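Observations on chain architecture
The residues making up each chain are set out below.
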Amino acid sequence: MAVAVTDGAPTFELAVPCEVFGTDRSDLVDPWYEMRLTAAQPGPLRTATGLVVPTSHGLDQLAEADTVVVAACPRAVQLDPPAELLQAVRRAHELGRRIVSICSGVYVLAAAGLLDGRRATAHWMHAMDFSHRFPDVEFDPTSLYIEDGTILTSAGTGSGIDLCLHLVRQDFGSAVANEVARRMVVPPHREGGQAQYARPPVRVRRTSDTLAPVLEWARHHLHEQLTVPQLAREAGLSERTFARRFREALGTTPLQWILQERVRLAQELLETTDDAVESVAQRTGFGSATNLRHHFGRLTGVSPQTYRHVFRHRAAQQGRGPSASSSGARTG
């Protein structure tokens, strides 16, 4: 994991990949990531708040890494990215590396020509400026993060955490990503997108307070048949008001949210139990293995059996999970 750093990088956005990937978590997965901070400009480099960044590696590391992370960058770099950085990012992309940008790091990817014809995101406040400068990029100011092939971009500040946890989930599975989230005291997955933060309506705080209990209740009843009228009653709202506030707060419909939560629960069960697919379908509210396969494949791109094979095989190699233990559950 090579993180390209420019002088004046926003402190929080740079700290996010350092916390997620750079902290030793070999008790969860061994080996964990090997993270290298690479200098995209002559040093010494400092963050926007003056902290010195110990970049002991050069841009040649980008071609050697499995994943390249372009950290958020200051306005001067957005307007005129270092030519050496653009060349190194292009080379890594040509070699098939996974390329990731945190917030304004997307300007580097766009300037390198990697985003033409692709979807990308950054902080919603960059929408007009970015779209004007890079009209060939399909900029989406509503998403927390976007994955388009091997290129992933995140929105601003806290959404960098969402994207980094998504990468952990891709590499090591939901159970590991959820445990990392627990240790960071953040949600393993946030519903909705930037739309809930950009110019929020005055009702957002009240909506969030109203929906939090019913969302938690629904997560504990995913195995049951859940309907919008039922959820509205739990929230103490009319169906129409409930549906409207739900979309305002989460950017999706109640039924779509339930579907996503059921798929996430299915991922956990496939990774951490020996339950048959039919049993997983019952425990997650899909009712039948056929329904589970259909919705699981549509949202994840793989079948439940393939997902279990990939992550259970990896867990067994690392000495975790029911394949490596008679306990039937994974602790990490």
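Definitions and cut-offs
Once a new chain begins, its residue numbering starts again from 1 and follows that chain's sequence as written. Per-residue local features are limited, in this predicted model, to residues with pLDDT of at least 70; the limit for side-chain atom pairs, both in listing and counting, is 80 or more; totals at the level of whole chains, interfaces and linings are taken over all residues. Side-chain metrics rest on all non-hydrogen atoms present in the structure, leaving aside hydrogens and water. Two rings from Phe, Tyr or Trp (for Trp, the six-membered ring) form a pair when their centres sit within 6.5 Å of each other. Planes less than 30 degrees apart are called stacked, planes more than 60 degrees apart edge-to-face, and all others tilted. Secondary structure elements follow DSSP: runs of H or I no shorter than four residues count as helices, runs of E no shorter than two count as strands, and numbering proceeds from the N terminus. Relative accessible area decides the class of each residue, using a 1.4 Å probe on protein chains only: under 20% of the type maximum gives buried, over 50% gives exposed, and in between gives partly exposed. Residue-level confidence of the predictor is what pLDDT reports, using numbers from 0 through 100. Contact between two residues is taken to exist if any of their heavy atoms lie within 4.5 Å; hydrogens are not considered. In what follows, salt bridge is the name for a side-chain nitrogen of Lys or Arg lying within 4 Å of a carboxyl oxygen of Asp or Glu. Paired strands, as defined in this entry, are two strands with at least two bridges between them according to DSSP. What counts as an axis is a line fitted to C-alpha atoms, over the stretch in contact for a helix, and the angles between N-to-C directions run from 0 to 180 degrees. Should an angle fall under 35 degrees it is taken as roughly parallel, and over 145 as roughly antiparallel, whereas 65 to 115 is taken as roughly perpendicular and any remaining angle as oblique. Only Asp, Glu, Lys and Arg are considered charged in this grouping, and only Ala, Val, Leu, Ile, Met, Phe, Trp, Tyr, Cys and Pro are considered nonpolar; every other residue, Gly among them, is considered polar. Between N or O atoms, a polar contact is any pair within 3.5 Å; within protein, one atom must be a potential hydrogen donor and the other a potential acceptor, and residues adjacent in sequence are included only when both atoms are from side chains.

1. Points about the packing of aromatic side chains
Evaluated as defined, the whole model comprises eleven aromatic pairs. Ring geometry for Tyr-33 versus Phe-172: centroids 5.3 Å apart, planes at 75°, classification edge-to-face. Of this pair, Tyr-33 sits in the loop between α1 (11–22) and β2 (36–39) while Phe-172 sits in helix α7 (residues 159–172), and the two are 139 residues apart along the sequence. Taking 6.2 Å as the distance between ring centres and 70° as the angle between the ring planes, the aromatic pair formed by Tyr-107 and Phe-134 counts as edge-to-face. Residue Tyr-107 is found in helix α5 (residues 106–111), and its partner Phe-134 is found in the loop between α6 (127–133) and β8 (138–139); the two are separated by 27 residues along the sequence. Tyr-107 gets classed as buried once you look at its relative accessible area, which sits at 0%. Residue classification places Phe-134 among the buried positions, given a relative accessible area of 12%. Of the aromatic side chains, those joined through ring pairs into one cluster are Phe-21, Trp-32, Tyr-33 and Phe-172.

2. Details of the confidence of the model for the protein
Any segment with low pLDDT has predicted coordinates that should not be analysed in fine detail. Per-residue confidence for the protein averages 87 on the pLDDT scale, and 87% of its residues sit at or above 70. Low pLDDT, under 50, characterises residues 195–207; the stretch is placed with 16 contacts to residues that sit more than four places away or in other chains. Throughout residues 323–332 the model reports pLDDT below 50, and contacts reaching past four residues in sequence, or to other chains, amount to 21 contacts.

3. Points about the side chain of Gln-267
Secondary-structure assignment places Gln-267 in helix α12 (residues 254–272). Setting aside anything within four residues of it in sequence, one finds Gln-267 in contact with Ser-174, Phe-296, Thr-300 and Tyr-307.

4. So, the pattern of salt bridges
What the rule picks out here adds up to 15 salt bridges. In this structure, the salt-bridge partner of Asp-148 is Arg-118, at a minimum N-O distance of 3.3 Å. Of this pair, Asp-148 sits in strand β9 (residues 145–148) while Arg-118 sits in the loop between α5 and β7 (119–120); the two residues are 30 residues apart in sequence, bridging distant segments of the chain. Two residues, Asp-275 and Arg-283, come together in a salt bridge whose shortest N-O distance is 2.5 Å. Within the structure, one salt-bridge network assembled from shared partners comprises Asp-27, Glu-179, Arg-182 and Arg-183.

5. Focus on the environment of Ala-122
Within the element layout of this structure, Ala-122 appears in the loop between β7 and α6. Judged by relative accessible area, Ala-122 falls into the buried class, the value being 0%. Residues Ala-122 and Gly-160 lie 38 residues apart in sequence; the distance between their C-alpha atoms is 9.7 Å.

6. Some thoughts on the sheet that holds β2
Spatially, six strands are ordered β2-β1-β5-β6-β10-β9 in an open sheet, and the strand pairing comes out mixed. Either end of the sheet is taken by a strand with one partner, and the two such strands are β2 and β9. Ignoring strand direction, the axes of neighbouring strands in this sheet form an average angle of 20°. Examined bridge by bridge, β9 and strand β10 (residues 151–154) share four bridges and lie antiparallel to one another. Bridge pairing in β10 links Tyr-145 to Ser-154. Along the sheet, helix α4 (residues 83–94) contacts β1 (2–5), β5 (67–70), β6 (98–101) and β10; its crossing angle with β6, the most-contacted strand, is approximately 140°.

7. Here's the deal with the packing of α12 against helix α14 (residues 289–300)
Remark: α12 packs on α14, axes separated minimally by 10 Å, with the N-to-C direction vectors making an angle of 100°. Put simply, α12 runs roughly perpendicular to α14. Contacts from Leu-259, Gln-260, Val-263, Ala-266, Gln-267 and Leu-270 of α12 reach α14 at Leu-292, His-295, Phe-296, Arg-298, Leu-299 and Thr-300. Among the residues forming the contact of α12 with α14, the class breakdown is seven nonpolar, four polar and one charged.

8. Here we look at the environment of Trp-32
Inspection of the secondary structure assignment puts Trp-32 in the loop between α1 and β2. Here Trp-32 falls in the buried class, since its relative accessible area comes to 10%. Through-space distance from the C-alpha of Trp-32 to that of Phe-172 is 9.5 Å; in sequence the pair is 140 residues apart. Contact partners of Trp-32, with chain neighbours within four places excluded, come to Val-20, Phe-21, Thr-23, Arg-25, Ser-26, Val-168, Phe-172, Val-176 and Val-180. Within polar-contact distance, the side chain of Trp-32 engages the backbone oxygen of Thr-23 at 3.2 Å.

9. Examining the pairing of β5
Residues Thr-67 and Val-69 of β5 are buried on one face, and the alternating residues Val-68 and Val-70, pointing to the opposite face, are buried as well. The sheet contact formed by β1 and β5 spans three bridges and is parallel. Residue pairing for β5: Val-3 is matched across the bridge by Val-69. Across four bridges, the pairing between β5 and β6 is parallel. From the neighbouring strand, Val-70 faces β6, where its bridge partner is Ser-101.

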